[in-house]
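# An overview of the molecular structure
The chain contents come next:
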Amino acid sequence: MIKYIIRRLLEAIPTILGVTILSFVLIHIVPGSPVRILLGSHYTPYRAQLLSQSLGLNKPLAVQYFVWLGNLLHGNFGFSYTYNQPVVYLMLQALPHTIIIVVVAVLLAHLFAVFLGSVQAYFEDTKFDRIVTVVNYFFYSMPTFWLAVLLIIFFAIDLPWFPAGGIVNTQLTTPTFVDWARHLVLPIAALFLVSVAGWARYMRASMREALLQDYVRTARMKGASEFRVIFVHALRNSILPLVTLFGLSLPALLAGALFVEEVFNYPGMGLLYWDAVNARDFPVILGVTVFIGLVTVLGNLIADILYGMIDPRIQYA
Amino acid sequence: MIQESQLPRAGVVDNLVDARPGFNRRFWRSGMTMLGLVMLLFLVLFSFVGPLFYPRSAIATNLLATDAGPSAQFPLGTDSVGHNVLAQLMVGGQSSLEVGFAAAVVAMLFGTLYGLISGVAPAFVDSIMMRIVDILLSIPSIFILLFLNVVFTPSVGIMVLVLASTSWLGVSRLVRGETMSIKGQVYVEAARATGTGVWRIMLRYLLPNFIGTVLVAGTFQVADAILAMAGLSFLGLGLPPPTPNWGGMLSDGMNYMFQNSWWLIYPPGLCILIAEVSINLIGDGLRSAIETRER
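Here the structure is a predicted model, which means the values were calculated and not measured.

The next point concerns the overall build of chain A. A tally of helices and strands in chain A yields 13 helices and 0 strands. The order of α-helices and β-strands along chain A, N terminus first, is α-α-α-α-α-α-α-α-α-α-α-α-α. On the principal axes, the C-alpha backbone points of chain A span a range of 85 × 55 × 35 Å. When each of the 317 residues of chain A is scored for burial, the buried share is 32%. Counted over contacts in chain A with a minimum sequence separation of 6, partners at least 24 positions apart contribute 72%.

Structural data, given as structure tokens:
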């Protein structure tokens, strides 16, 4: 088992390096140099040359890459052009907000999807199943940003239960927990609804197959309650796709979080990236891209490890 | 001594017409699939034939009638500069559907080729090719799409290329997996032994086995591409104005959420939803039809 984990970790390293190369290349295909953007209206060719020398931009690209990589490994992601603060600082400020909504949404969505999918599979082809399938389809096909807008309309404008955006009520002098929590509800709901729809489909298919197996019949014959048969015996075998999806869902939800954060003006990593792209703030763009790449590779690693733990045959593949 | 009856059926497909009866019955008889086809047909007609019946300009502004609700003159109202929302929906649909379809086709072609080559290539080349795919997959496509669309001012062609540039990865993995599981078959070995060229083997022996799966993946690619394009347009990075598109209409409408201008928010979202649902239904129908056949 340990060998499997170590092997996976070692395989992940070239991928992470590749992500850094990719991000670096992406930034440098942008026409126009950052020097021009930095200097703005104070641009003169002499100043441009000075700045470019001091930033190390006149060295060959490969050298620049290794300098940047070395900085990365020391935790120096550079300085943001727009905020003039270390990129790491900006990311560390934005990250907890994103983590909260993503993690809560993922956990809730998984629990709910497992439950919903199992119940759907058990009551297969009944009216309940058909109705839930249609509703699932509806949410599964809905664009995340439209769902977010609809949530705002229904729950923040028509029924003023929740605030329409931001993370804090600026009219309050001291931030309260309840106020903060209220601001989180709608973004989490948006991410939750879209995720549940997709995962419930997987769970339903998986549980359907599991319920046809012989061990389910055996458990019933032994007198186990239906609840136990489904949620103890069948569940263990059918939850595998969702376990892998758990690891793979982290990067996908970060992407979804981008839209949600933009619509709700929620100060997370997605909004940070979006603002940076608009402002051509390359250090931030680079930093967030590398970070997201790392999270994705980590997510895949977690998915593989969890899969290997549950189904040991995978380790020898 | 191998009996003749024990030899596997030859995998060469001389014509790609499906002689087995299962697929058509499964596909056309499924109610949900037909619903999807009808919905998609409606959208296509709405976008491409609609303007012939409703020849109002989608880009003409009318500053005397901004933010107007639905009326006889503007069946779905107007937006902040007086565009006719209904006309915009139609023309926007054209670009959404075109770009979505084209991006999926490009992604499929390139992904299939890449996957085939990677599948038949020696292990070293294959591992490098797949490592590249892994790296590209490590960054969620929306981040790359965002970035590319800011860098390159989008036209229809560039949008197609940008969208295809992230979707081909999944197809290539799929095709590679299928190729690797088939290339060990006896008839492939026989073909190689008789000196059949690599390209002929790939296209005539290997590809027909999984072309159904690839087409199903392609269908879902269309849905993803339409969604991605709507998302990019929503963020303001789609086709440049004044070309209307559904995502852009939605983001404009968002500015008027508080004023209850429902005609700016629901119609574009509904169009995207209908497009997504119909293509997903068709894709699911295709997938069940193909799976059943192989059983």
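Within chain B, the secondary structure is distributed over 10 helices and 0 strands. Ordered by position from N to C terminus, the α and β elements of chain B give α-α-α-α-α-α-α-α-α-α. Taking the principal axes of its C-alpha atoms as reference, chain B extends roughly 90 × 45 × 30 Å.

Moving on, we get to helix H7 (residues 144–158) of chain A. Residues and elements named next belong to chain A. If you check H7, its first and last C-alpha atoms are 20 Å apart, about what 15 residues at 1.5 Å a residue would give, namely 21 Å. Taking the largest bend as the criterion, H7 deviates by roughly 25 degrees, centred on Ile152. Within the sequence span of H7, burial applies to Thr144, Phe145, Trp146, Leu147, Ala148, Val149, Leu151 and Ile152.

Of note in this structure, Asp125 of chain A is not a glycine but carries a positive phi near 65 degrees. Positionally, Asp125 of chain A belongs in the loop between helix H5 (87–122) and helix H6 (127–141).

The next thing to look at is the confidence of the model for chain B. For chain B, per-residue confidence averages 81 on the pLDDT scale, and residues scoring 70 or more make up 91% of the total. Mean pLDDT values over the elements of chain B span from 72, in helix H1 (residues 22–29) of chain B, up to 90, in helix H3 (residues 85–120) of chain B.

Contacts between the two partners involve 33 residues from chain A, matched on the other side by 29 residues from chain B. Secondary structure elements with two or more residues in the side of chain A that touches chain B: helix H1 (2–28), H6, H7, helix H11 (240–264), helix H12 (269–279) and helix H13 (282–310) of chain A. With 7 residues, the top contributor of residues to the side of chain A that touches chain B is H11 of chain A. Residue composition of the side of chain A that touches chain B, grouped by class: 26 nonpolar, 6 polar and 1 charged.

Below, the discussion takes up the environment of Asn136 of chain A. Relative to the elements of secondary structure, Asn136 of chain A occurs in helix H6. In this structure, the C-alpha to C-alpha distance between Asn136 of chain A and Arg201 of chain A, residues 65 residues apart in sequence, is 7.7 Å.

Next up on the list: the packing of helix H4 (residues 123–137) of chain B against helix H6 (residues 156–182) of chain B. Residue and element names in this part refer to chain B. At a minimum axis separation of 10 Å, H4 and H6 run at an interaxial angle of 145 degrees. Relative to H6, H4 is oriented so that their crossing is left-handed. Between H4 and H6, the residues in contact are Met130, Val133, Leu136 and Leu137 and Leu169, Ser172, Arg173 and Arg176, respectively. Each residue belonging to the contact of H4 with H6 can be placed in one class, and the counts come to 5 nonpolar, 1 polar and 2 charged.

Below, the discussion takes up the packing of H5 of chain A against helix H8 (residues 177–211) of chain A. The contact between H5 of chain A and H8 of chain A brings their axes to 6 Å, and the two run at 35 degrees. As H5 of chain A runs across H8 of chain A, the sense of the crossing is right-handed.

About the criteria used
- Residues numbered from 1 in each chain as written.
- Chains lettered and ligands numbered in written order.
- Predicted model: local features only at pLDDT ≥ 70, side-chain atom pairs only at ≥ 80, totals over all residues.
- Helix = DSSP H or I, 4+ residues; strand = E, 2+ residues; numbered from the N terminus.
- Buried ≥ 20, exposed ≤ 12 C-beta atoms within 10 Å, placed from the backbone.
- Contact = placed C-beta atoms within 7 Å.
- Expected span 1.5 Å × (residues − 1).
- Bend = angle between axes of the 7 residues up to and from the residue.
- pLDDT = per-residue confidence, 0-100.
- Nonpolar A, V, L, I, M, F, W, Y, C, P; charged D, E, K, R; others polar.
- Axes fitted to C-alpha atoms, helices over the stretch in contact; angles between N-to-C directions.
- Left-handed = near helix turned anticlockwise from the far one by under 90°.

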